[in-house]
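# Summary of the model geometry
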Amino acid sequence: MNPGRIVMIVIGALLVLIGLGLGAAAAAVGLIAGAQRDNGYLSVPEETYSVSSYAITTGSADIGPGADGNEDIASLQVRGTGVDGDLFIGIGAEAEVRRFLDGVASAEIDEVRFNPFRVDYRRTAGTEVPSPPGMQDFWVASAAGSGPQEINWAPTEGDWIVVVMNADASPQVTAELQAGFRSDLFGVAAVWLLIGAVVLFLLGVALILAAILAGRKRGAYPPAGGYPGPVPGGAYGYRPVGATAPLPAPSGARAAGSAPGPGSAVTGGPDAGGPGGGAPYPARLYGELDPGLSRWLWLVKWFLAIPHFFLLSFLWIAFWIATIVAGFAILFTARYPRALFDFNVGVIRWSWRVAFYATGVLGTDRYPPFSLEREHYPADFDVDYPEHMSRGLVLVKWWLLVIPQALIVGAFSGTSLMLVRAPRYFGGPNGYGPDGYGPGGVRWNDGPGGFGATEWVTAGFSLLGLLVFIAALALLFTSRYPRQLFDFIMGLQRWSYRVLAYTALLRDEYPPFRLDQGPADARDLPPAGVERPPNQQ
């Protein structure tokens, strides 16, 4: 893949990400707009606020230029009920409010948390006694009296403060308060965000597809099937390119599932029965252990591979876009577009080479090439191109039929789960227990039956990650990679990549439930194997 196509894919992937982000924002803003239908307000929970001073105030709200008091643009609502008598609620200019409360003991709300409810005040001491707030004429909105009180105000330019007091200006203010906000601009913003999301997403998809199709092969494609194996020559490769002879049944150590010794010939092939039986799967993963691996290089390979990780993050976005497009193509034509197929296989191949080098195997010190194509490299992946695919399977295999395989692969490639019980509180009038959790609560592990809080927590290594880590430690202390451990890791990786190929719609054949260990699946080997190079045992 030339640099121009990669740049197009990166730009396209960025546009897709921005489009998805705008789409999520449009959904969130749309939910807000829907929540305030029928003149509703977006409100915080109603809670009881209480201070021993004369007034509860908010901090100053700075309303910038452009706010003209239009209720369609913005409207603030404050509702409250006095617990011990008549209540006053008002909004006034900061300068006027400061002058009115000069020398008066008051409490400014500094921070509010609602779950559980807690309010922090910034208190101002004073000795002056204020006059009744209802007698002041600087309020832009106010309400006073017994029972529920409510003010609605469309903000205008300036600095404003909300004040809550007893209507007779007595100390010890206790009130049930709630504030809300609404704006018709939420609906308009949701529409424009959605339009922007669709435009950017489609533009990104178009760029990605254009980059993929620009790399399609000219002329006729080679026939499907006949996977030629790793590129021959040098230390890597078991069979010559183009070899299509029938493969015999596995025999000897291979049939028993054990790795051959150094310098031994490797043979294998499909067989209907026996422990090594079964047909070869058309998605093939290969990886050969390099001799003389560095003791220390694995410590920094992840860092050296950062350029690959960066590019692959965008290529995988393009991969799933191409997979969705291919799914529709299969549904209507029963064919996987060849350019999309080759691109997706190339992305998996590139990812496998990086995993083999840096994270998933540590099987070579050779830096992986920046390429979607097959290269002379000790790790390879390929899939036979299917000439015809099922229209029905494309609807169910990627989410339903793959579930058993996904559970198995997840068991050895996912992180471990721990069931944790911790002391928590439940019960009580407010659903909380003592020490800030409300009166009357009990600890879960002291409750009926001694039940504790239950949580699933991910921790530790996956099985695959643990095995690779053990191999890395063996390299560090012995400079040798245990051969049987390598073969087992390759078997787990091969299983994972077969399931990935199936999930990505590349083949209709269901992945086998088997662990084919070693550098290559024995069923994919030629009738007469080439002697493998000496390796660490």
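In the block above lies the structure referred to throughout.
What counts and what doesn't
Residues numbered from 1 in each chain as written. Predicted model: local features only at pLDDT ≥ 70, side-chain atom pairs only at ≥ 80, totals over all residues. Heavy atoms only, no water. Axes fitted to C-alpha atoms, helices over the stretch in contact; angles between N-to-C directions. Helix = DSSP H or I, 4+ residues; strand = E, 2+ residues; numbered from the N terminus. Parallel < 35°, antiparallel > 145°, perpendicular 65-115°, else oblique. Contact = heavy atoms within 4.5 Å. Nonpolar A, V, L, I, M, F, W, Y, C, P; charged D, E, K, R; others polar. Buried < 20%, exposed > 50% of the residue type's maximum accessible area, 1.4 Å probe, protein only. Patch = residues over 30% accessible without salt bridge, like charges linked within 9 Å, V, L, I, M, F, W, Y side chains within 5 Å. Areas by Shrake-Rupley, 256 points an atom, 1.4 Å probe, with all protein chains shown as cover. Salt bridge = Lys/Arg side-chain N within 4 Å of Asp/Glu carboxyl O. Pairing = 2+ DSSP bridges. Left-handed = near helix turned anticlockwise from the far one by under 90°.

We now examine the packing of helix α3 (residues 185-214) against helix α6 (residues 306-333). Orientation of α3 relative to α6, taken along the N-to-C sense of each, is 90°, at an axis distance of 10 Å. Regarding the angle of α3 to α6, the classification is roughly perpendicular. Of the residues in α6, those touching α3 at F201, V205, I208, L209 and I212 are A318, I321, A322 and V325. Grouping the amino acids of the contact of α3 with α6 by side-chain chemistry returns nine nonpolar, no polar and no charged.

Moving on: unusual backbone geometry. Negative phi characterises most residues that are not glycine, and trans characterises most peptide bonds. Of note, the bond from N115 into P116 is cis; its omega dihedral lies within 30 degrees of zero at 0°. Counting through the fold element by element, P116 comes out in the loop between β7 (106-114) and β8 (117-124). Not every positive phi belongs to a glycine, and Q172 is a case in point at roughly 65°. Along the chain, Q172 turns up in the loop between β11 (156-166) and β12 (173-182). The class of Q172 is partly exposed, set by a relative accessible area of 39%. Of note in the backbone geometry, L362 takes a positive phi value of approximately 65° without being a glycine. Positionally, L362 belongs in the loop between α7 (338-359) and β14 (379-383). Accessibility expressed as a relative area gives 4% for L362, which makes it buried.

A cluster of nonpolar side chains, contributed by W296, L299, V300, W302, F303, L304, I306, F309, Y367 and F370, occupies part of the molecular surface with about 970 Å² of accessible area. Looking at the nonpolar patch, the elements with two or more residues in it are α5 (298-304) and α6. The greatest single-element share of the nonpolar patch, amounting to five residues, is contributed by α5. With respect to the helices, strands and loops of the structure, W302 is situated in helix α5.

This paragraph deals with the pairing of β8. Bridge count for β7 against β8 is eight bridges, and the pairing is antiparallel. Across the sheet, residue E111 finds its bridge partner in β8, namely D120. In this antiparallel pair of consecutive strands, β7 and β8, the connection spans two residues.

Another point: the packing of helix α10 (residues 463-478) against helix α11 (residues 483-503). At a minimum axis distance of 10 Å, the contact between α10 and α11 shows a crossing angle of 155°. In this view, α10 runs roughly antiparallel relative to α11, as classed from their interaxial angle. Handedness of the α10/α11 crossing: left-handed. Contacts between α10 and α11 involve L464, L467, V468, I470 and A471 on the former and, on the latter, L485, F488, I489, L492 and Q493.

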